[in-house]
Structure formats: structure tokens, C-alpha cells
Amino acid sequence: MKESWKTRVVRFGFNLFPAFRGTGARVLHIAEDYSEIRIKLPLNWRTRNYVGTIFGGSMYGAVDPVYMFMFLKMLGNDYIVWDKAASIRFKKPGKNTLYASFKITGEELDEVKRTLEEKRSIDRVYNVELVDENGTVHAAVEKTIYMRKKDREGSPSSGNVVSLAKSESKFQKSE
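Just so you know, these numbers come straight off a predicted model, no measurement behind them.

In the structure shown here, the tally under the stated rule is eleven salt bridges. Between Lys143 and Asp83 there is a salt bridge, with the nearest N and O atoms lying 3.4 Å from each other. With Lys143 in strand β6 (residues 137-149) and Asp83 in strand β3 (residues 79-90), this residue pair connects regions lying 60 residues apart in the sequence. With a closest N to O distance of 3.2 Å, Arg124 and Glu111 form a salt bridge. Of the two residues, Arg124 sits in strand β5 (residues 121-131) while Glu111 sits in helix α5 (residues 106-118), which places them 13 residues apart along the sequence.

As C-alpha cells, then:
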């Protein structure tokens, strides 16, 4: 699916966000409905480790926020989405630019919504591979995503709500 002007702006912001920018990766494409995101992770001075290959932390950091971000955008404000767990398996050293593609189908999204009508929360496991231009897998990442509907009041959990009283303060102008 093609990008819209809105997702181009989001992509630009995502690439500028310091935590993601620090990985050395760049988002290449965000589908208009957020159902697909593609990233690239080049081997350069920012991502190179001591032995001259892509730093494993950059590999993981490049894919870390993507599924959570996609579900946040696709489900909307009535849902809570968190990364719950992750693991990475390094298959081959990254000696050149790596790519990853993330997809969530409409059927998958409908299934998540349907399940959350019946259950309080769910955990879903997603796999993504970092591959080179020939399709060779260099790392495989497994992400567990936690999702649930917000309570009616819009708070994350009615049992754990913390109320902060608004305090008034008056500043005196010193003369």
C-alpha cells in the first residue's frame, strides 16, 4: 500500500525521534493505514561494532518499537498496547545494509478486536527478520505485544488509578 502525505510526515518524525534515530536505522515506508512498515539498517560508523559488523543493539533497536507503534495507530485511542517481551537470534554477522518488513493484515486486526471483546487482554507474538538485499536472514526477532481495551473512563486500569490533586500556587512579584 502506498504512503499518504500524513504517513510521510509520521515517517519523518519517527526517523527524527532520538531513541529510534540512535539505532542508526531509518523507516523507509509507512502504509497509509499503518498496516505495513519497512525499515533499513545500514552498516556505517554509527552502527558498526568492534569487529566491523552491525552492532546487535542496533539490530534489535531498529525493530523494537514497530509492532507496538503499528497497533497503537491501527487500534486507536480506545486500546492500550505495550511491548511485553522480546528475543533476538543472531544468524549471521551484518556486513552490509539490512532490511525488515512489518505487516498486520486486516484479518489480524479484526481478530485482535474480536478477541478483546471477549477477553480483558491478549498477548500476541510476532516475528520479524533482518535480511540483506539477497534475502539472507542475519537476525530473527520475536516480539510479544500486550493489548487490551481501555476502561470506560479511558484510564489504563480502574483499580490502579492515581489521582493527583491540582494545587494552586501564587507567585509574588518581588519589588
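Another aspect to go through is the pairing of strand β4 (residues 98-103). Burial of the side chains of β4 is restricted to one face: Leu98, Ala100 and Phe102 are buried, whereas none of Tyr99, Ser101 and Lys103 on the reverse face is. Two elements, strand β2 (residues 36-41) and β4, share six bridges in a ladder whose sense is antiparallel. Residue pairing across strands places Ile37 opposite Phe102, the latter belonging to β4.

In total, this model carries six aromatic pairs according to the counting rule given. Taking the centre distance of 5.3 Å and the plane angle of 75 degrees together, the rings of Tyr67 and Phe102 count as edge-to-face. Placement of the pair is Tyr67 in helix α4 (residues 66-75) and Phe102 in strand β4, with a sequence separation of 35 residues. Aromatic ring contacts, followed pair by pair, group Phe14, Phe20, Tyr34 and Phe69 into a single cluster.

Now for the environment of Met74. Mapping Met74 onto the fold places it in helix α4. Met74 gets classed as buried once you look at its relative accessible area, which sits at 15%. Here the alpha-carbon distance between Met74 and Asp33, two residues 41 residues apart in the chain, equals 7.1 Å.

Cut-offs and rules
- Residues numbered from 1 in each chain as written.
- Predicted model: local features only at pLDDT ≥ 70, side-chain atom pairs only at ≥ 80, totals over all residues.
- Heavy atoms only, no water.
- Salt bridge = Lys/Arg side-chain N within 4 Å of Asp/Glu carboxyl O.
- Helix = DSSP H or I, 4+ residues; strand = E, 2+ residues; numbered from the N terminus.
- Buried < 20%, exposed > 50% of the residue type's maximum accessible area, 1.4 Å probe, protein only.
- Pairing = 2+ DSSP bridges.
- Phe/Tyr/Trp six-rings, centres within 6.5 Å; stacked < 30°, edge-to-face > 60°.

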